[in-house]
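Listed below, chain by chain, are the residues.
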Amino acid sequence: MSSNNLSLKYWSSPNKWFLDAYNDTLLQKIIHGPLKLRVELALAATKLCSAKTFLDLGCGPSRVLYRSLKETDVTSAIGLDFSPRMLEESKQFLSKKNVLDKVQLINCDLIATPEYPKADIAIGLGLFDYISDPELVLKKAHLSSNYVVASWVRPSIRNYLRRFRYSCELYTHTEKEVSQFFNNIGISSVSFIECGPMCGFISISSKN
Ligand SMILES: C[S@@+](CC[C@H](N)C(=O)[O-])C[C@H]1O[C@@H](n2cnc3c(N)ncnc32)[C@H](O)[C@@H]1O
């Protein structure tokens, strides 16, 4: 099975641990501090660029997409994901929150699909851990949006050990490698924000 299919299989299972990570309990804050940080950074970037349209690449359960609609100037959002289970979870969650009419959920493989819908900002949080060709996805993200916020995990003992909990490939990168991806696609305005030496970092990039 290809690494992308293994990843799809992994994200087609319930992954309750991931949904639980969005609970605001002290325990989840301790365990998932970097996840919480990347969400706040993506929302801060969305506010700062006054984005009205929001593209969530690998939207998963759409917890971040929902917050973009509630806490920023965003009026419509698009969630792309290749996992029907995650899209169904998103649909139920967004419907319960009464915002489904502002959202388009699309089932697609971000590697295979030739282009992404246009938006003011695109985010890819927790996505690039599973992407075999990150440069291709970044390129399509920047063709669709001026601003891109992405999270990356770096080679570390913690991320090495994660491999034993997952049944799919996990891709790690250094800041130098990610800088090179941006360089190769012609994006020179990139900021890196540290999320902890054992974890990874966030990139916030802009076309202008
Ligand atoms: C760690 S989850 C992150 C979900 C969401 N971005 C968040 O931060 O809550 C990774 C998501 O990326 C999706 N994904 C991974 N590879 C993908 C691909 N090639 N095409 C589309 N979605 C993909 C998975 O299905 C999963 O929902």
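Draft legend 1. View of the sheet that holds strand E3 (residues 103-107). What the seven strands build is an open sheet, ordered E3-E2-E1-E4-E5-E7-E6; its pairing is mixed. A strand with exactly one partner marks an edge of an open sheet, and here the two such strands are E3 and strand E6 (189-194). Neighbour to neighbour, the strand axes of the sheet diverge by 15° on average, direction disregarded. Pairing geometry for strand E1 (residues 53-57) and strand E4 (residues 121-124), over three bridges, is parallel. Its bridge partner being in E4, phenylalanine 54 is matched across the sheet by isoleucine 121. Relative to E3, helix H6 (residues 84-96) is tilted by about 165°, and along the sheet it contacts strand E2 (76-81) and E3.

Draft legend 2. Looking closely at the site of the ligand. Around the ligand there are 19 residues in total, and Trp11, Gly58, Gly60, Phe82 and Gly126 lie nearest to it. Of all elements in the fold, only helix H1 (3-11) and helix H5 (63-71) reach the threshold of two or more residues within the shell around the ligand. Broken down by element, the shell around the ligand gets its largest block of residues, three residues, from H1. Of the residues belonging to the shell around the ligand, the class tally is 10 nonpolar, six polar and three charged.

Draft legend 3. View of helix H9 (residues 175-184). Turning to H9, its buried residues are Val178, Phe181 and Phe182. Buried residues in H9, looked at end-on, bunch into an arc of 95°, giving them a common side. The exposed residues of H9 that point more than 90 degrees off its buried face are Lys176, Asn183 and Asn184. Of the surrounding elements, those touching the buried residues of H9 are helix H7 (134-144), strand E5 (147-153), E6 and strand E7 (200-206). Positive backbone phi, approximately 80°, marks glycine 186, located one or two places after H9.

Quick notes on the rules
Residues numbered from 1 in each chain as written. Predicted model: local features only at pLDDT ≥ 70, side-chain atom pairs only at ≥ 80, totals over all residues. Pairing = 2+ DSSP bridges. Helix = DSSP H or I, 4+ residues; strand = E, 2+ residues; numbered from the N terminus. Axes fitted to C-alpha atoms, helices over the stretch in contact; angles between N-to-C directions. Contact = placed C-beta atoms within 7 Å. Near = placed C-beta within 6 Å. Nonpolar A, V, L, I, M, F, W, Y, C, P; charged D, E, K, R; others polar. Buried ≥ 20, exposed ≤ 12 C-beta atoms within 10 Å, placed from the backbone. Arc of directions from axis to C-beta.

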